Amino acid sequence: MKSHHKNLSCNTCFLLTHVPNPRMNKRIGAFLEFGKVSVICTRRKSKNIWEPEYTEVDHYIFDIDLPSSKHLLKRALVSQSYQKKALKLLRKIKPSVIYTEGLDSLMIANKYKKKDKAVKIIFEVPDLREAYIADNPNALQRIVASLERKYLKDISILVVTSMKFYDVRYSQFIDKSKVVFLPNMPERSAFDGYKKIQRDEFTIGFIGGIRYMKQMKNLVNAAKKANCKTLFAGAAVNQKDYQELVDCCHDDPNFVFTGKYVYKRDIANLYAMVDCVFSVYDADNPNVRIALPNKLYEAILCELPIIVAKGTYLAELVDEWGVGVAVSHKDEDELVDAIRRLKEDKAFYQSIVENCKKQRDILFQRDIYEEMRDQFSKHLLESGV
């Protein structure tokens, strides 16, 4: 691909409802090559998982605990405070590009664009809300979907981490020429120190924000039955649920909880501690059925089998690439059988490792930052930034 990014210069503001996570920090890293970058975001008590990564980036962080998007009216009221503060800062920063995600921030970006029509809006879809893809949407869900559709009219770029998001939702009203597909792949340099630790105990790892508690508890029970160790690395999305998960392990030494971690500093060491990766989420959730989490790419990079939920796009790719196994997200015994096979069938395990190597060579041919810069600069230059 021809490089475009040396021709681009812009002042970018990331407008978020959370402190940047590893995925968003990769986007920030790419845009630093284009010029000045700033971040406006909230720190939510309920999702206080990450800390700023780039010291050269101005982070304007407001302690505003936005309610869950499930409580739309309550969230709309609370977000008014964020909107006023964010708009005031945007008028001061005068960005040429606003990079955002989520309906709250999209609405703020659109409000700012009414005053500065030249600003370009990039909207990323990391997950697809159930409100947008409900089989039988209620009145509130229809309102949410309609609002998003309305505010997306003025964007320059739509970023998706799974092309299924575009196929299922956005293909109805956004031209494909505006779409940038950026799988949530890690930067290889974060895994430079990766070296698998040799150990006697087979260890399963869940690495990332801890949620979907039914599936987490299934893992606990299955690990006990399969007589193996389990590592839970990451902060809780919901502290009450997290504590219940810790309690159900009853101080069993076979279960290790690391809590919050710093991605670039810790991620390689965490993956070095496990023999396979657990990524089974609630497949009754329509977003889960079409999402592609970062664990897929991290597991492949580390040559580790991944366990995923049946009936998902993730399972389709895992099966096609031969990089793991799929189980029912509800059937604990099926999970036990899968763990035992990975633990005991050395030939099967090694075949997955070899498939990971093959797929890694395909997926990681280019530096992800170079790929992002080329994609963004091409689209922004075409839109007249």
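Residues numbered from 1 in each chain as written. Predicted model: local features only at pLDDT ≥ 70, side-chain atom pairs only at ≥ 80, totals over all residues. Heavy atoms only, no water.

A.B. asks: Quick one: what's the story with the layout of surface pockets, residue by residue and with numbers?
C.D. replies: Put simply, the second largest pocket is a space of about 370 Å³. Phe181, Pro183, Met185, Leu363 and Glu371 are, among the 20 residues lining the second largest pocket, the residues nearest its centre. Where the lining of the second largest pocket is concerned, the elements lending two or more residues are helix H1 (22–31), helix H11 (313–321), helix H13 (346–363) and helix H14 (368–383). It is H14 that contributes the most residues to the lining of the second largest pocket, 4 residues altogether. Of the residues in the lining of the second largest pocket, the class split is 13 nonpolar, 2 polar and 5 charged. (1 Å grid on protein atoms, 1.4 Å probe; cavity = no way out; pocket = protein on both sides within 12 Å on 5 of 7 lines; lining within 4 Å. Points joined across faces, edges and corners; volume = space filled by probe spheres on them. Helix = DSSP H or I, 4+ residues; strand = E, 2+ residues; numbered from the N terminus. Nonpolar A, V, L, I, M, F, W, Y, C, P; charged D, E, K, R; others polar.)

A.B. asks: Would you mind going over the nonpolar core in detail, with residue names and values included?
C.D. replies: Core analysis: the largest hydrophobic core is formed by 103 residues, its most contacted members being Phe31, Phe191, Ile307 and Phe376. Ranked by residue count, the leading element in this core is helix H7 (residues 213–226), at 7 residues. Residues contacting Phe376, with those up to four places away along its chain left out, are Arg27, Phe31, Phe34, Tyr99, Ile122, Ile157, Val159 and Leu182. One finds Phe62, Val119, Val160 and Met163 within the second-largest nonpolar core, a separate group that totals 40 residues. (Core = buried A, V, L, I, M, F, W, Y, C linked by side-chain atoms within 4.5 Å. Buried < 20%, exposed > 50% of the residue type's maximum accessible area, 1.4 Å probe, protein only. Contact = heavy atoms within 4.5 Å.)

A.B. asks: Would you mind going over the packing of H1 against H14 in detail, with residue names and values included?
C.D. replies: At a minimum axis separation of 9 Å, H1 and H14 run at an interaxial angle of 65°. When the axis of H1 is compared with that of H14, the two are roughly perpendicular. Of the two elements, H1 crosses H14, and the hand of that crossing is right-handed. For the pair H1 and H14, the contacting residues are Asn25, Lys26, Arg27, Gly29, Ala30 and Phe31 in the first and Ile368, Tyr369, Met372, Arg373, Phe376 and Leu380 in the second. Its residues assigned to classes, the contact of H1 with H14 shows 7 nonpolar, 2 polar and 3 charged. (Axes fitted to C-alpha atoms, helices over the stretch in contact; angles between N-to-C directions. Parallel < 35°, antiparallel > 145°, perpendicular 65-115°, else oblique. Left-handed = near helix turned anticlockwise from the far one by under 90°.)

A.B. asks: For a positive patch on the surface, give the residues involved together with the corresponding values.
C.D. replies: On the surface, Lys84, Lys111, Lys114, Arg149, Lys150 and Lys153 cluster together into a patch of positive charge. Those elements that place two or more of their residues in the positive patch are helix H3 (103–115) and helix H5 (139–151). Relative to the helices and strands, Lys111 is located in helix H3. (Patch = residues over 30% accessible without salt bridge, like charges linked within 9 Å, V, L, I, M, F, W, Y side chains within 5 Å. Areas by Shrake-Rupley, 256 points an atom, 1.4 Å probe, with all protein chains shown as cover. Salt bridge = Lys/Arg side-chain N within 4 Å of Asp/Glu carboxyl O. Lys, Arg positive; Asp, Glu negative; His and termini not counted. Charge placed at Lys NZ, Arg CZ, Asp CG, Glu CD.)

A.B. asks: A description of the packing of aromatic side chains should follow, citing residues and the corresponding values.
C.D. replies: In the structure shown here, the tally under the stated rule is 14 aromatic pairs. With a centroid separation of 5.8 Å and 85° between ring planes, the pair formed by Phe14 and Phe31 is classed as edge-to-face. Highlighted residues: Phe14 in strand S1 (residues 12–15) and Phe31 in helix H1, separated in sequence by 17 residues. For the residue pair Phe14 and Phe31, the accessibility class agrees, reading buried in each case. Ring centres of Tyr170 and Phe173 lie 5.9 Å apart, and the angle between their planes is 70°; this geometry places the pair in the edge-to-face category. Look at Phe173 and you get partly exposed, because its relative accessible area is 22%. Three or more aromatic residues joined by ring pairs form one cluster here, namely Phe14, Phe31, Phe34, Tyr99 and Phe376. It is Lys164 that lies over the ring of Tyr313; its NZ or CZ is 5.0 Å from the centre. Stacked on the ring of Phe348, the Lys or Arg Arg341 has its end atom at 3.6 Å from the ring centre. (Phe/Tyr/Trp six-rings, centres within 6.5 Å; stacked < 30°, edge-to-face > 60°. Lys NZ or Arg CZ within 6 Å of the ring centre and 35° of its normal.)

A.B. asks: If you had to explain the pattern of salt bridges to someone new, which residues and values would you point to?
C.D. replies: Here the structure, examined in full by the defined rule, presents 27 salt bridges. A salt bridge links Asp284 to Lys330, with the nearest nitrogen and oxygen atoms 3.4 Å apart. Placement of Asp284 in the loop between strand S11 (276–279) and helix H10 (294–301) and of Lys330 in the loop between strand S13 (324–327) and helix H12 (332–344) is noted, with a sequence separation of 46 residues between them. Note on Asp284: relative accessible area 45%, which makes it partly exposed. By relative accessible area, which is 57% here, Lys330 ends up exposed. Each of the salt bridges in this network shares a partner with another, and the network as a whole consists of Arg23, Arg27, Glu101 and Glu124.

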